[in-house]
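Results of the structural survey
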Amino acid sequence: MKFFATAASGTEGALKDELRALKVKVKADRGGVHFEGDLVDGFRVCLHARVAMRVLVEVVRGPAVGEKGLYDLMRSVDWREHLTARHTFAITATCKSSQMTHSQFIAQRAKDAIVDQLRDYTGQRPSVDTRDPDVDVVLRLVRDQATVYLDLAGEPLHRRGYRRSTVDAMMKETLAAAVLQIAGYTGEDDLLDPLCGAGTILLEGALMARNIAPGLGRRFNVERWPNLEADTVSAWAALREEAQAAVRPRALVRLRGVDVSEEALRATRANAEAAGVSADVSLERTDARHLRPDRDRGWVVTDPPYGDRLAAKPLQLAGFARQFGEALRGFRGHTVAILSGNPMVSRSLNLPFTFEHTLYNGDTECRLLRAQIA
Ligand SMILES: C[S@@+](CC[C@H](N)C(=O)[O-])C[C@H]1O[C@@H](n2cnc3c(N)ncnc32)[C@H](O)[C@@H]1O
């Protein structure tokens, strides 16, 4: 089977490394990583990849010129293998540089083809459920070439199942995991996020430190698919058990979250509880500009306010960054990694950055910067 695991722009390399570690043959591409294997490999990636957003398995690929071309391509698939009248499904379509230009219309025609075929074969039709379908069909049309996939996870993989509480300007769990991995954090060292917000970086670090597979707290749509072989289902159960058995009872490192906002700390606490790592994280309400290290090594990983959604004034932001940078320069022996969406903030921190990587937080182009504080 051919798979495509999607990842946010700039994190494809990190995903490729993860998939290699999971022993699947990979090829990185824009927006994700291709790999080959069977449904057990696909499930393993859903369970273990911290950076993947979706895991898609290819159903068909071919020319789909105009409405009829698309309809015919969709009907060339035997949908009885993937759907029954007892299962619900949904189609998401995207298109680029093609004769058909309306993604909703494309999805509608593709749906008609599936429903018509199943009705012809079985006399019954599956229902569409756009909210929580059993089978999620993903259709991409580029220059009149369509690729049709099924989405193994359903809900995107950044939804680990632990986010109970939110704050402004939170990052996705998959981005936080990518930031840690690209910076080089492995979960084997102390970690501090001095502007922790809802705790996303801290909690992704805690999952790494406890060796908790990111998908262990949730289910995947593939588990609801029809025609699953008993061997596949038992192999999945074995993968979950193996992942559960590999969880460390306690983190061997200190995970520390700091924020000035009591609301942010409450959110982190609730999320840590849901992730099962509350005993591993210590939280304190402090102004990050006044932080002092109490260890002689470790990691500081954080994303300072960028000034977009937080409506901070540029001068205030620069002033904050200067003072925050001064505090960070006191963290001798530490590695500091900053995700910044604002070059002025990066400059004002005035840290000896020696590593830079571009990635995107939603639409915002960001730099991941790393400095070793001597
Ligand atoms: C961009 S948000 C961090 C979001 C976080 N990474 C997440 O995913 O939830 C920045 C955080 O910095 C906190 N903050 C702003 N100024 C601060 C200061 N002087 N000291 C400590 N925290 C501060 C805010 O309360 C906010 O929670």
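For the structure given in this document, a descriptive report is provided here. (Residues numbered from 1 in each chain as written. Predicted model: local features only at pLDDT ≥ 70, side-chain atom pairs only at ≥ 80, totals over all residues. Heavy atoms only, no water.)

When you go through the chain residue by residue, the secondary structure sums to 10 helices and 15 strands. Over its C-alpha trace the chain gives a radius of gyration of 23 Å, about what one expects of a compact globule, namely 21 Å for 374 residues. For the C-alpha atoms alone, the extent of the chain along its principal axes is close to 70 × 45 × 35 Å. Here the contacts in the chain between residues at least 6 apart in sequence split such that 77% fall between residues at least 24 apart. For the chain, the separation between the mean place of its 52 positive charges and that of its 49 negative charges on side chains is 3 Å. (Helix = DSSP H or I, 4+ residues; strand = E, 2+ residues; numbered from the N terminus. Rg over C-alpha atoms; globule rule 2.2 N^0.38 Å. Contact = heavy atoms within 4.5 Å. Lys, Arg positive; Asp, Glu negative; His and termini not counted. Charge placed at Lys NZ, Arg CZ, Asp CG, Glu CD.)

Before going further, it helps to spend a moment on the packing of aromatic side chains. Scanning the model with the defined rule gives five aromatic pairs in all. Aromatic ring contacts, followed pair by pair, group F43, F220 and W236 into a single cluster. Its end group placed over the ring of Y121, R80 keeps NZ or CZ at 3.8 Å from the ring centre. The ring of F355 is capped by R370, whose NZ or CZ atom sits 4.5 Å from the centre of that ring. (Phe/Tyr/Trp six-rings, centres within 6.5 Å; stacked < 30°, edge-to-face > 60°. Lys NZ or Arg CZ within 6 Å of the ring centre and 35° of its normal.)

Below, the discussion takes up the side chain of E204. Secondary-structure assignment places E204 in helix α6 (residues 200-209). A polar contact is formed between the side chain of E204 and the side chain of R160, at a distance of 3.0 Å. (Polar contact = N/O pair within 3.5 Å; in protein donor to acceptor, adjacent residues only side chain to side chain.)

Now for unusual backbone geometry. In this structure, S97 is a non-glycine residue whose phi angle is positive, near 45 degrees. Here S97 shows up in the loop between β5 (88-96) and α4 (103-122). Phi is positive for N227, which is not a glycine, with a value near 60 degrees. With respect to the element layout, N227 can be found in the loop between α6 and α7 (230-245). N227 sits in the exposed class, given a relative accessible area of 53%. (Buried < 20%, exposed > 50% of the residue type's maximum accessible area, 1.4 Å probe, protein only.)

Further remarks concern the site of the ligand. Neighbouring the ligand are 20 residues, the closest being A198, T200, D259, A288 and D303. A distance of 2.9 Å separates an oxygen atom of the ligand from a polar backbone atom of M171. Protein chains bury 89% of the 610 Å² of accessible surface belonging to the ligand in isolation. Here the shell around the ligand is built from residues that sort into 11 nonpolar, five polar and four charged. (Near = heavy atom within 4 Å. Areas by Shrake-Rupley, 256 points an atom, 1.4 Å probe, with all protein chains shown as cover. Nonpolar A, V, L, I, M, F, W, Y, C, P; charged D, E, K, R; others polar.)

Below, the discussion takes up the pattern of salt bridges. What the rule picks out here adds up to 28 salt bridges. Of the charged contacts, one joins D120 and R75 as a salt bridge, the two residues approaching to 3.0 Å between their closest N and O atoms. With D120 in helix α4 and R75 in helix α3 (residues 66-75), the pair connects residues that are 45 residues apart, well separated along the chain. (Salt bridge = Lys/Arg side-chain N within 4 Å of Asp/Glu carboxyl O.)

The subject of this paragraph is the sheet that holds strand β2 (residues 26-29). Ordered in space as β2-β3-β1-β4-β8-β7-β5-β6, the eight strands form an open sheet in which the pairing is mixed. Only two strands of the sheet have a single partner each, and these edge strands are β2 and β6 (127-128). Pairing analysis gives eight bridges linking β5 to strand β7 (residues 135-142), with the strands arranged parallel. Within β7, the residue paired with I91 across the bridge is V137. (Pairing = 2+ DSSP bridges.)

Look at helix α5 (residues 173-183) against α6: their axes get within 9 Å of each other, and the N-to-C directions meet at 65 degrees. Here α5 is positioned roughly perpendicular relative to α6, judged by the angle of their axes. Crossing of α5 over α6 shows right-handed handedness. Taken together, the residues of α6 that come into contact with α5 (itself represented by E173, A176, A177, L180 and Q181) are T200, I201, E204, G205 and M208. Classifying every residue of the contact of α5 with α6 gives five nonpolar, three polar and two charged. (Axes fitted to C-alpha atoms, helices over the stretch in contact; angles between N-to-C directions. Parallel < 35°, antiparallel > 145°, perpendicular 65-115°, else oblique. Left-handed = near helix turned anticlockwise from the far one by under 90°.)

The element α5 is extensively covered by neighbouring structure, given that 10 of its 11 residues are classed as buried. Listing the buried residues of α5 in full gives E173, T174, L175, A176, A177, A178, V179, L180, I182 and A183. Immediately downstream of α5, the backbone of G184 shows phi near 110 degrees, a positive value.

For the pair α3 and α4, interaxial distance at closest approach is 9 Å and the crossing angle is 40 degrees. Compared by their axis directions, α3 and α4 come out oblique. For the pair α3 and α4, the crossing hand works out as right-handed. Where α3 approaches α4, its residues E67, L70, Y71, M74 and R75 are matched on the opposing element by F105, I106, R109, A110, D112, A113, I114, D116, Q117 and D120. Here the contact of α3 with α4 is built from residues that sort into eight nonpolar, one polar and six charged.

Let us look at the nonpolar core. What tends to happen in soluble globular proteins is that the nonpolar side chains get buried as a cluster. L19, L139 and L255 are the most contacted members of the largest nonpolar core, which totals 94 residues. Shared between two domains, this core holds at least three residues of each, these being domain 1 (2-151) and domain 2 (173-212 + 248-372). Ignoring any residue separated from it by four or fewer positions in sequence, one finds L19 in contact with A5, V24, V26, V33, F35, V45 and A49. Of all hydrophobic cores here, the second largest spans 19 residues; its members include V336, I338, L351 and I373. (Core = buried A, V, L, I, M, F, W, Y, C linked by side-chain atoms within 4.5 Å. Domains from an automatic or database assignment.)

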